[in-house]
Amino acid sequence: MKILALSDVESRYLWDFYEDGKLKDLDLVISCGDLKAEYLSFIATYTKAPVLYVHGNHDESYDQKPPEGCICIDGDMYIHEGIRIVGLGGSMLYNYGTKQYSERQMRRRVLALAPTIAFHKGFDILVSHAPAYGINDADNLSHRGFKVFTKMLDRAKPKYFIHGHMHLSYNHKQPRIYQYNENTTIINAYERYEFEY
């Protein structure tokens with residue numbers, strides 16, 4: 001299965017310089033947030049694959065105008081061809097934006113999903129905007145990861161954890177791909193990254 005992950009910066013390769021066929025072989029598109037609704041709607045128009053998304057910390061405008069033709073999985077589980085995908089958007093609370101959460105608030109969101117996760121016997125992909133605490137996050141509050149995400153990775157051992165928020169342009173040492181324990185591959189979806197599940 002070919003998956004395209006997107007986050008934070010609209011890809012000029014896909015949007016400004018789009019050519020027919022660039023998106024035709026995709027099986028799934030996953031947005032990790034902070035992208036214009038028009039951009040995601042454009043992507044959805046030119047692919048037959050489902051376009052899933054979670055909110056980034058700057059996606060308040062989605063409340064009035066969500067991306068058309070896309071599926072919000074924020075706070076939910078979506079199953080695609082047997083692959084169980086859990087979505088948890090937003091970032092750490094730093095200036096009281098509507099898409100920001102304290103550690104306690106995010107833990108409550110995870111607890112609300114616990115019955116669904118248990119019913120489906122776990123999940124295969126965790127999609128978020130923010131990273132997990134202590135795994136390629138930053139010291140400043142706005143880019144600190146969530147401890148509850150780290151616990152989810154330790155307990156559920158999903159195959160992939162896909163997040164955004166950590167711009168690769170901020171730090172050239174920031175890894176795009178990171179192997180966490182033996183089970184989970186972490187992908188920073190900044191701009192765009194295509195991979196095979």
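In the block above lies the structure referred to throughout.
The structure presented is a predicted model; accordingly, all values stated were derived computationally and were not measured.

So, how was this worked out
- Residues numbered from 1 in each chain as written.
- Predicted model: local features only at pLDDT ≥ 70, side-chain atom pairs only at ≥ 80, totals over all residues.
- Heavy atoms only, no water.
- Helix = DSSP H or I, 4+ residues; strand = E, 2+ residues; numbered from the N terminus.
- Rg over C-alpha atoms; globule rule 2.2 N^0.38 Å.
- Buried < 20%, exposed > 50% of the residue type's maximum accessible area, 1.4 Å probe, protein only.
- Areas by Shrake-Rupley, 256 points an atom, 1.4 Å probe, with all protein chains shown as cover.
- Lys, Arg positive; Asp, Glu negative; His and termini not counted.
- Charge placed at Lys NZ, Arg CZ, Asp CG, Glu CD.
- Core = buried A, V, L, I, M, F, W, Y, C linked by side-chain atoms within 4.5 Å.
- Contact = heavy atoms within 4.5 Å.
- Phe/Tyr/Trp six-rings, centres within 6.5 Å; stacked < 30°, edge-to-face > 60°.
- Pairing = 2+ DSSP bridges.
- Axes fitted to C-alpha atoms, helices over the stretch in contact; angles between N-to-C directions.
- Disulfide = S-S within 2.5 Å.

## Topic: the overall build of the protein chain
Scanning the protein chain from terminus to terminus reveals three helices and 13 strands. The C-alpha atoms of the protein chain give 15 Å as radius of gyration, which agrees with the globular expectation for 197 residues (16 Å, within 12%). For the protein chain, the spread of C-alpha atoms along the three principal axes comes to 45 × 35 × 35 Å. Evaluated residue by residue, the protein chain yields a buried proportion of 53% over its 197 residues. When the accessible surface of the protein chain is totalled, it reaches about 9,600 Å², and 47% of it is carbon and sulfur. Taken as two groups, the 23 positive and 25 negative side-chain charges of the protein chain have centres that lie 6 Å from each other.

## Observations regarding the nonpolar core
Core analysis: the largest hydrophobic core is formed by 22 residues, its most contacted members being Val86, Leu88, Leu126, Phe146, Phe149, Met152 and Leu153. Taken together, the elements giving at least two residues each to this core come down to strand S6 (83-88), helix H2 (103-119) and helix H3 (147-156). Those residues in contact with leucine 126, other than ones at most four positions away along the chain, are Val86, Leu88, Met152, Leu153, Tyr160, Phe161 and Ile162. In this structure, Tyr18, Val29, Leu40 and Tyr62 belong to the second largest nonpolar core, which totals 19 residues.

## Observations regarding the packing of aromatic side chains
Taken as a whole and judged by the stated rule, the model has 11 aromatic pairs. Ring geometry for tyrosine 160 against phenylalanine 195: centres 4.8 Å apart, planes inclined by 50°, an arrangement best described as tilted. Highlighted residues: tyrosine 160 in strand S10 (residues 160-163) and phenylalanine 195 in strand S13 (residues 191-196), separated in sequence by 35 residues. For the pair tyrosine 160 and phenylalanine 195, a shared accessibility class is recorded, and that class is buried. Counting every residue linked through ring pairs, the aromatic cluster contains Trp15, Tyr18, Tyr39, Phe42 and Tyr46.

## Quick notes on the sheet that holds strand S5 (residues 76-80)
Taken together, the six strands give an open sheet; going across it, the order is S5-S6-S9-S10-S12-S11, and neighbouring strands pair in mixed fashion. In this open sheet, the two edge strands, each paired with only one partner strand, are S5 and strand S11 (177-180). Strand-to-strand twist in this sheet, taken as the mean axis angle between neighbours without regard to direction, amounts to 20°. Pairing between S5 and S6: five bridges, direction antiparallel. Bridging across to S6, histidine 80 finds its partner in isoleucine 83. Sheet strands touched by H2: S5 and S6. Its angle to S6, the strand with the most contacts, is close to 160°.

## Some words on the state of the cysteines
Defined simply, a disulfide is a covalent bond joining two cysteines at their sulfur atoms. Tallying each qualifying case throughout the model produces zero disulfides. No disulfide involves cysteine 70; its sulfur sits 10 Å from the nearest other cysteine sulfur, which is in cysteine 72. Overall, cysteine 70 belongs to the buried group, its relative accessible area being 15%. Look at cysteine 72 and you get partly exposed, because its relative accessible area is 32%.

## Points about the sheet that holds strand S1 (residues 2-7)
A sheet is described by the order of its strands in space; here five strands give the open sequence S4-S3-S2-S1-S13, paired in mixed fashion. Edge positions in the open sheet fall to strand S4 (71-72) and S13, since each of these has one partner strand only.

## Details of helix H1 (residues 37-45)
Of all the nine residues making up H1, seven are buried; the element is thus mostly covered by neighbouring parts of the structure. Of the residues making up H1, those classed as buried are Ala37, Tyr39, Leu40, Ser41, Phe42, Ile43 and Ala44. Here the buried face of H1 lies against S1, strand S2 (28-31) and strand S3 (51-53).

## Things to note about the side chain of histidine 163
Along the chain, histidine 163 falls in strand S10. Apart from residues no more than four positions distant in its own chain, histidine 163 is found in contact with Cys32, Ser128, His129, Ala130, Pro131, Ile186, Ile187, Asn188 and Ala189.

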